[in-house]
Amino acid sequence: MQRIYTCLFFILITGSVWSQSYTVKGKVTDSLNNEPLGFVTLVFNEGGIGTVTNAFGEYSYTANVSIYKITCSYIGYVTKEIPVRPSSTQIINISLVPSQYNLSQVVIVSGDNPANRIVRNTVKNRTQNDPDRFNSYSYTAYNKFIYSGILPLDSTKKDSSLTTMMEFLKQQYFMIIESVVETKFLKPDKKENIIATKISGIKNPSFTLMNSQIQPLSFYGNFIALLGKSYVYPFSKGTTDRYFFNIEDTLYDGADTLYRLSFRPWKGRNFDGLRGIAEITSDGYAIKHIMAEPADTLSALMRIRIDQSAEKVNGVWFPKKFVSEVRFSNMLNNGTQVMMYGTTTLSNIEIEPNIQKRDMVGIQVDIDALAAYRNEEFWAAHRPDSLTEQELRTYQVIDSLGKKHHFDGKLKLVEGLIGGELPYKFISFEIDRFVTRNQYEGFRLGAGLRTNETVFRNLSIGGFADYGFRDAEWKYGGDLRLRLYRPNDVFLDFSYSHSLEETGAIEFYKDRNLLISEAIRSTLITIFDKVERYQIDFTGRTLRYLHFDFSLFSAHKKSTSSYHYLIANYDGYIPLQNFQFSGIKLQLRYAYKEKITRAFNSTILSNPQYPILFTNITYGIPNLFGSQFTYIKLETKLKSTIRTRSLGNFNLNLVFGYVDGYVPLSETFAGRGNYWIVGFYNENCFQTMRLNEFYSDKYAAVFLEQDLKSLLYRGKKFQPKPLLIFNAMIGSLSEADLHHNFDFKIPTKGYYETGLVIYDIISKEYLGVARLGLGGGLFYRLGPYAFIKQQDNLAIKIQLTVNI
């Protein structure tokens, strides 16, 4: 028995020795600028076993044997060997020295770069490996996003705020967000239903959507969008001319070979590219694992680095796990970086399931009514791993702070602001009515009120009253809005207004964006119609991507100028200044594959990669409510952005209008003039055209922009972005002699202008999450309507941008 106990003792001792682990971790940086180096290869000892730094240059490796040497290699840097003293856990930071040559000077004497063959095979097989090739698929995604802080390198200095931050981060994070999302794909549509949300300190589930689209599911397109910016994807056609690829390692897994390639833009090739590491398997040349970040991070507000891996599901490759890291460098004054670390794990993956078209109807991204009320049993069943103590404490601490400081109430305020409203108890104020300005009214002060869902869930009552100081007149109105069907945003709206409308205004349904400078044009308008309008609107969405507004209207209009229109009667023509229009109007907006998200009590439309088509059809019905005019009015607009790899984005806007019948200027089309001696540049406007200079009842206009971004010059801090512009319009007006006492032109010969705008000449960061840009440009009016004095053909423009 003694011998048995002795053997057991030595077995336990031996087991303890063999189970002892050795850990080395640290960070790899550039020796010149101390920038972290992601995707660096580290090999430990002599066995060829190693790891790769993550997107932020950090690494961690654990082995069962003592680590005595690290070999660190990275393309473009001198390989470095670091001796390691025996220890169970060590922190070793490594600084690499750049090579004396750069990537554009590398010469591969054996001919074609062997890595390029692997890249070409990957591109050749990308169709059969792209998850969007399937007719349908479905999966459940568990998302976890952690917001934390990274203390500055000199955090040892005595700073009370820094010390407090250090103690706080030792115990918990700033915030943790979890969600479970059920996703269905039926070509070409994808629908996401958020069935569970859990947010520290906040009950409102809409905040979950702030982190829902860090990186795409498919990594096989020509471009990849990260945080709203598009990058040329390394594994697409022709990228070997833009990217340098290098075989960092070759691994073998049975009959398959795994190629580890590094990639980065060739030096001197100026485009929006990525750098990183990809692992390509010889099994179908699929991308099994990829880590990437933007190659140009010098001017970035946020540093984003992504990690995606794929596995075989039922014999085909499909994404399995995503990791995203975003760092905000200048958000906090004490130098602490705010970091968002997110993981997404897919489960219940089904290829070609039986999904019906009716399953895809409604909002593309929606939140289940019970999402914020799931119990712990539900979360335990969906989490891949249990929460850590630090994560659990984050919920405890931040939840208590949320209750104490009313985070949900403050978020509701933000929710209203996003929708253009300022909520207060059971009513909401319309923000855009507080203060406005134009050339006719001067400053216009007002207030708009609307009941919110705390009063009636499917009914709201609104009203407004405004006063213009220059014209000294009140404008007022109100409406009653009834929601008929929530999933498709179907409403019935009864409204009345006594206000102003631009004479000959050109507007399309759901085409207004207050964040772009086009809204500034409204401050320059000089000619309006005083309008008393009664209207019934039936609005909603159908056929997935089609938005509609069908209305019955009666509008009494009078021009604010001395204009009058000759209307025929039995004795000849009578000059009129008051006009009665009545009829029906159908407005349509079709955006193929547009993503529609319900968040913050609003429906948010994200611009699709395909063109957007707008159409208005108006039929003026004679004698309806005293209507004086019979006419048919058609308006169409096509808006598209074409992304190119070398020349930036090409923006195209085509607009057409046609009136069948004789109508006053109120129902014709005004040229979208935007001239001011020194003014702001506004998209889709004529920068050298005076306001109210041209009118037509049949016209066509085109607005072209070539946005070169920073492709021509990309300095470390100075990155001006040229914008080449050409605009043109041609039109006609039937029975022009019926319009009197108003001086205007008809663009029968064609109106043309060209210009150059350079934006972001000066840029300034704000709170580390936004960059305010200031630029300028010059426009020139040419063609048959050019003025004799050359200075009258010029317009100087100021360009303002806000990049988030």
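Residues numbered from 1 in each chain as written. Predicted model: local features only at pLDDT ≥ 70, side-chain atom pairs only at ≥ 80, totals over all residues. Heavy atoms only, no water.

Before going further, it helps to examine the overall build of the protein. On a plain count of helices and strands, the protein comes out with seven helices and 47 strands. Every one of the 804 residues in the protein was classed for burial, and the buried ones make up 49%. Contacts in the protein between residues far apart in sequence, at least 24 positions, make up 64% of those at least 6 positions apart. (Helix = DSSP H or I, 4+ residues; strand = E, 2+ residues; numbered from the N terminus. Buried < 20%, exposed > 50% of the residue type's maximum accessible area, 1.4 Å probe, protein only. Contact = heavy atoms within 4.5 Å.)

Sheet topology note: the strand S31 (residues 564-569)/strand S44 (residues 739-740) ladder contains two bridges and is antiparallel. Residue pairing in the sheet places His564 in a bridge with His740 of S44. The sheet contact formed by S31 and strand S32 (residues 572-576) spans five bridges and is antiparallel. Each bridged residue has a counterpart across the sheet, and for Leu566 the counterpart in S32 is Pro575. (Pairing = 2+ DSSP bridges.)

This paragraph deals with the nonpolar core. Note on soluble globular proteins: their nonpolar side chains tend to be buried together. Formed by 45 residues in total, the largest nonpolar core has its most connected members in Ile224, Phe235, Leu261, Phe263, Leu274, Ile280 and Ile290. Apart from residues no more than four positions distant in its own chain, Ile290 is found in contact with Phe219, Tyr233, Phe235, Phe263, Ile277, Ala278, Ile306, Asp307 and Gln308. (Core = buried A, V, L, I, M, F, W, Y, C linked by side-chain atoms within 4.5 Å.)

Glycine aside, residues mostly have negative phi angles, and peptide bonds mostly take the trans form. A cis amide bond links Lys187 with the next residue in sequence, Pro188, at an omega value of 5°. With respect to the secondary-structure elements, Pro188 resides in the loop between strand S10 (175-186) and strand S11 (189-199). A positive phi angle, near 50°, is found at Tyr285, a position not held by glycine. Structurally, Tyr285 can be placed in the loop between strand S16 (274-281) and strand S17 (286-294). Overall, the relative accessible area of 16% leaves Tyr285 in the buried class. The phi dihedral of Glu352 is positive, around 55°, even though this residue is not glycine. Counting through the fold element by element, Glu352 comes out in the loop between strand S20 (337-351) and strand S21 (365-367).

A few words now on the pattern of salt bridges. Going through the model one piece at a time under the given rule, you end up with 43 salt bridges. With a closest N to O distance of 3.4 Å, Arg541 and Asp489 form a salt bridge. Here the residue Arg541 occupies a position in strand S29 (residues 528-542), and Asp489 occupies one in the loop between strand S27 (473-485) and strand S28 (490-502), the gap between them amounting to 52 residues. Each member of the pair Arg541 and Asp489 is classed as buried. (Salt bridge = Lys/Arg side-chain N within 4 Å of Asp/Glu carboxyl O.)

Now for the confidence of the model for the protein. When pLDDT is averaged across the protein, the result is 86; 89% of the residues are at 70 or more. Mean pLDDT across the elements of the protein bottoms out in helix H1 (residues 2-19) (39) and peaks in strand S41 (residues 695-696) (98). Note that pLDDT drops below 50 for residues 1-19; the model gives that stretch one contact with residues more than four away or on any other chain. Every residue in residues 101-109 is under pLDDT 50, and counting partners more than four places away or in other chains gives twelve contacts. (pLDDT = per-residue confidence, 0-100.)

With that out of the way, let us pick up the side chain of Asn692. Within the secondary structure, Asn692 sits in the loop between strand S40 (678-680) and S41. Residue classification places Asn692 among the buried residues on the basis of a relative accessible area of 10%. One polar contact links Asn692 to Thr526, side chain to side chain, over a distance of 2.7 Å. Asn692 has contacts with Thr526, Ile527, Phe742, Asp743 and Phe744, leaving out every residue within four places of it along the chain. (Polar contact = N/O pair within 3.5 Å; in protein donor to acceptor, adjacent residues only side chain to side chain.)

This brings us to helix H6 (residues 389-405). The end-to-end C-alpha distance of H6, which contains 17 residues, comes to 24 Å, matching closely the 24 Å that a straight helix rising 1.5 Å per residue would cover. Here H6 has its buried residues at Glu391, Thr394, Tyr395, Val397, Ile398 and Gly402. (Expected span 1.5 Å × (residues − 1).)

A few words now on the packing of aromatic side chains. Under the counting rule described, the total for this entry stands at 41 aromatic pairs. Ring centres 6.3 Å apart and planes at 90° place the aromatic pair Phe581 and Tyr631 in the edge-to-face group. Highlighted residues: Phe581 in strand S33 (residues 578-591) and Tyr631 in strand S37 (residues 631-643), separated in sequence by 50 residues. For the pair Phe694 and Tyr751, a centre-to-centre distance of 5.4 Å together with 70° between the ring planes defines the contact as edge-to-face. One end of the pair, Phe694, is in the loop between S40 and S41; the other, Tyr751, is in strand S45 (residues 751-766), and 57 residues separate them in sequence. The buried category is assigned to Tyr751, whose relative accessible area is 0%. Clustering of aromatic rings is evident, with ring pairs tying together Tyr563, Tyr565, Phe579, Phe581, Phe629, Tyr631, Tyr695, Phe742 and Phe744. (Phe/Tyr/Trp six-rings, centres within 6.5 Å; stacked < 30°, edge-to-face > 60°.)

Take the sheet that holds S31 next. In spatial order, the strands read S32-S31-S44; together these three strands make up an open sheet with antiparallel pairing. Because the sheet does not close on itself, it has two edges, and the strands there are S32 and S44.

Here the focus is a nonpolar patch on the surface. Among the surface-exposed residues, Ile461, Leu480, Leu482, Leu484, Tyr485, Phe494, Ile536, Phe538, Phe550, Leu552 and Phe625 lie close enough to one another that they form a single nonpolar patch of about 940 Å² accessible area. Looking at the nonpolar patch, the elements that each hand over two or more residues are S27, S29 and strand S30 (546-559). Element by element, the count of residues in the nonpolar patch is highest for S27, at four residues. (Patch = residues over 30% accessible without salt bridge, like charges linked within 9 Å, V, L, I, M, F, W, Y side chains within 5 Å. Areas by Shrake-Rupley, 256 points an atom, 1.4 Å probe, with all protein chains shown as cover.)

Below, the discussion takes up the environment of Gly626. Mapped onto the secondary structure, Gly626 falls in the loop between strand S36 (612-620) and S37. The class of Gly626 is partly exposed, set by a relative accessible area of 47%. The spatial distance from the C-alpha of Gly626 to the C-alpha of Ser554 is 8.8 Å, given a sequence separation of 72 residues.

It is worth spelling out helix H2 (residues 114-124) at this point. Residues Ala115, Asn116, Ile118, Val119, Thr122 and Val123 constitute the buried set of H2. What you see down the axis of H2 is that its buried residues fit within an arc of 160°, all on one side. Taken together, the buried residues of H2 touch helix H3 (126-129), strand S14 (243-253), strand S15 (256-265), S16 and S17. Of the residues flanking the start of H2, the one acting as N-cap is Asn113, its side-chain oxygen 3.0 Å from the backbone nitrogen of Ala115. (Arc of directions from axis to C-beta.)

Along the polypeptide, Tyr545 turns up in the loop between S29 and S30. Between the alpha carbons of Tyr545 and Glu594 there is a distance of 6.6 Å; along the sequence they are 49 residues apart. Apart from the residues within four sequence positions on either side, Tyr545 is in contact with Pro188, Asp189, Gln364, Arg589, Tyr590, Ala591, Tyr592, Lys593 and Glu594.

With respect to the helices and strands, Glu635 occurs in strand S37. On the basis of relative accessible area, Glu635 is assigned to the buried category, the value being 3%. In this structure, the C-alpha to C-alpha distance between Glu635 and Ile506, residues 129 residues apart in sequence, is 8.4 Å.

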